[in-house]
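What follows is the residue order along each chain.
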Amino acid sequence: MEKGESSGSNSSGDDIWAKLVPLDSRYSDIELRSNEMTICSEIKSSPSEKQEWCKITREKDQVSALMQNKSLKLKIPKYLTPVFLQSSSNSITVDDVVVQEDDTTIIRCGSEIILGPEADGFMRYRFKVMPTKDISTKQLKIILDPEHAKCSICLNVWHDVVTVAPCLHNFCNGCFSEWLKRCQKKHASILCPHCRAVVQFVGRNHFLHSIEEDILQSDSSLRRSSEDIALLDSYSSIKSPLVIGSRRKQNRKRARAPVDDDEENAGYSPCPQCGTEYAGFRCNQSTVHLQCQACGGMMPSRSNTPQHCVGCDRAFCGAYWHSMGVNGSDAYPVCNHETLKSITERAVSRIPFLAHEKNRHEQDITEKCIRQMGRSLQDVISEWITKLNNRELDRTRLPLNHSEMITPQTHLCSDCYDKLVSFLLYWFRITLPKHLLPPEAVQREDCWYGYTCRTQHHNEEHARKRNHVCRPTRGTRIP
Ligand SMILES: [Zn+2]
Ligand SMILES: [Zn+2]
Ligand SMILES: [Zn+2]
Ligand SMILES: [Zn+2]
Ligand SMILES: [Zn+2]
Ligand SMILES: [Zn+2]
């Protein structure tokens, strides 16, 4: 057993509820998963034997624990004892109080545990209780009547709920999208289907979306058939917030009136196509606008031109104005093409900051590998995009929306492209034959926690000594 390994009962993939964080950062954190755990140490000359330190039992209040000193359970000769246990006493010190063999004490978040009678020369740990999801969800049980979670267009519980403003009524994305399309065809102003108020804004409501899921989970009779859902999804056109019917003054002068600029313009930069025709299109009163996430500028919502990043569903104007041949000006800010491009149009010049869970050592190793192979980063990424497209990769860990739909023609924003490149570099590394690794990386053992390891982020030594581009072999469920 390795130092700090712990054994406990029924730890079937439980979350970590507490940690022992060593003050000496050369050692890794000891993670506590089951409610009762015995912490053991390694005995250098006899790896099969283990020395018990203590047993930690979680208290009912979930924020403290009972620690029992187990140091003398094994009578071992002194020459086999780890250095930090070589003492006449096998006591443990908790917050300056000495706990003798077999004695117990309560430890709380922040308690300092010294594996000996004094601080000098002994391992010191800080006990840290993790914030639990359990506690917060228990306190937040809300009783909700499903009748209040129904769409007044289709009379079912919302699906992919959207909220319109200013009246704040809620509908299914698909239902409201169809309504919007019908109103636009008639060039009519868009009224709320529930209360007939003029709609100025519509967006997905992520908070209500989680409520919608909870309701369907608690009563599956309220679920619609998968065919109905697929049909509804095919109508859904609201991906990012839409600004509707902003009757903004056309041909606004460059110099803006400083104070009495009316409220309708507040916060939004004007749309270049409101008032001026570009590529045969000019906005009218019923044109729905999208706000670009990069520059804050507005563009008309149009079908058949990429305006959303597929990876995050946010709107970006780069590809749209590029295809319209419009360049930005002071009056009409437009961002550059880089904000939204297809994967094949993009070039990669550096390893993304996000790659390998932001672990600089692993990024350097990847860079070296690519250089040693006489290849370029672009070359490697292009090869792996082909593999992705040929469905040779498991996409479970690709942290993008609609990950199954992604092809080289998919439009992504720069952030999502970085995530994709990082995902591909992970695959490049885990499939790389060992002999292609730089010499200093070859003999490293895999960290148990693999890419999920948190110690790699605050412990230089650990990050350098262990390989973290690997799957976790303990603790975490492996996707
Ligand atoms: Zn509906
Ligand atoms: Zn309404
Ligand atoms: Zn416009
Ligand atoms: Zn994106
Ligand atoms: Zn923009
Ligand atoms: Zn690690």
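Fair warning: this is a prediction, and the values are worked out from it, not measured in the lab.

Chemist: Is there a simple way to explain the overall build of the protein in this structure?
Modeler: A count of helices and strands for the protein gives 11 helices and 21 strands. Here the protein holds 479 residues, and the buried ones make up 30% of them. Contacts spanning at least 24 positions in sequence make up 59% of the contacts within the protein whose residues lie at least 6 apart.

Chemist: Got a minute to help me understand the pairing of strand β11 (residues 124–129) in this structure?
Modeler: Here β11 shows one buried face, formed by Tyr125, Phe127 and Val129, and one open face, formed by Arg124, Arg126 and Lys128. Here strand β2 (residues 18–22) pairs with β11 via five bridges, running antiparallel. Across the sheet, residue Leu20 finds its bridge partner in β11, namely Phe127. Note that strand β10 (residues 112–114) and β11 share three bridges and pair antiparallel. What sits directly across from Ile114, in β11, is Arg124.

Chemist: Which parts of the structure should I look at to understand helix α2 (residues 173–185)?
Modeler: An α-helical turn contains 3.6 residues, so any two residues separated by three or four positions project in the same direction. If you check α2, its first and last C-alpha atoms are 18 Å apart, about what 13 residues at 1.5 Å a residue would give, namely 18 Å. Those residues of α2 not exposed but buried are Asn173, Gly174, Cys175, Phe176, Ser177 and Leu180. Against β12 (161–165), β13 (170–172), β14 (201–204), α4 (226–235) and β16 (288–291) lie the buried residues of α2. Phi turns positive one or two residues past the end of α2, at His187, with a value near 50°.

Chemist: Looking at this model, I keep getting lost on the pairing of β12. Mind explaining?
Modeler: The side chains of a regular strand alternate between the sheet's two faces. Note that β12 and β13 share three bridges and pair antiparallel. Residue Val161 lies in a different strand from β13, and its bridge partner there is Cys172. Connecting the antiparallel pair β12 and β13 is a turn made up of four residues, with Leu168 showing a positive phi of about 65°. Bridge count between β12 and β14: four bridges; the pairing is antiparallel. If you follow Val164 over to β14, its bridge partner there is Val202.

Chemist: How should I be thinking about the sheet that holds strand β15 (residues 242–244) in this particular structure?
Modeler: For sheets, the rule is that strands pair by backbone hydrogen bonds, running either parallel or antiparallel. Here we have six strands laid out as an open sheet, ordered β13-β12-β14-β15-β16-β17, and antiparallel in their pairing. Because the sheet does not close on itself, it has two edges, and the strands there are β13 and β17 (298–300). Averaged over all pairs of adjacent strands, the angle between their axes in this sheet comes to 30°, without regard to strand direction. The sheet strands contacting helix α3 (residues 206–218) are β12, β13 and β14, and the helix crosses β12 at an angle near 140°.

Chemist: Teacher, can you tell me more about the sheet that holds strand β3 (residues 30–32) here?
Modeler: Spatially, six strands are ordered β3-β2-β11-β10-β7-β8 in an open sheet, and the strand pairing comes out antiparallel. Each end of this open sheet is capped by a strand with a single partner; those strands are β3 and β8 (97–99). Strand after strand, the sheet turns through a mean of 25° between neighbouring axes, direction not considered.

Analysis parameters
- Residues numbered from 1 in each chain as written.
- Chains lettered and ligands numbered in written order.
- Predicted model: local features only at pLDDT ≥ 70, side-chain atom pairs only at ≥ 80, totals over all residues.
- Helix = DSSP H or I, 4+ residues; strand = E, 2+ residues; numbered from the N terminus.
- Buried ≥ 20, exposed ≤ 12 C-beta atoms within 10 Å, placed from the backbone.
- Contact = placed C-beta atoms within 7 Å.
- Pairing = 2+ DSSP bridges.
- Expected span 1.5 Å × (residues − 1).
- Axes fitted to C-alpha atoms, helices over the stretch in contact; angles between N-to-C directions.

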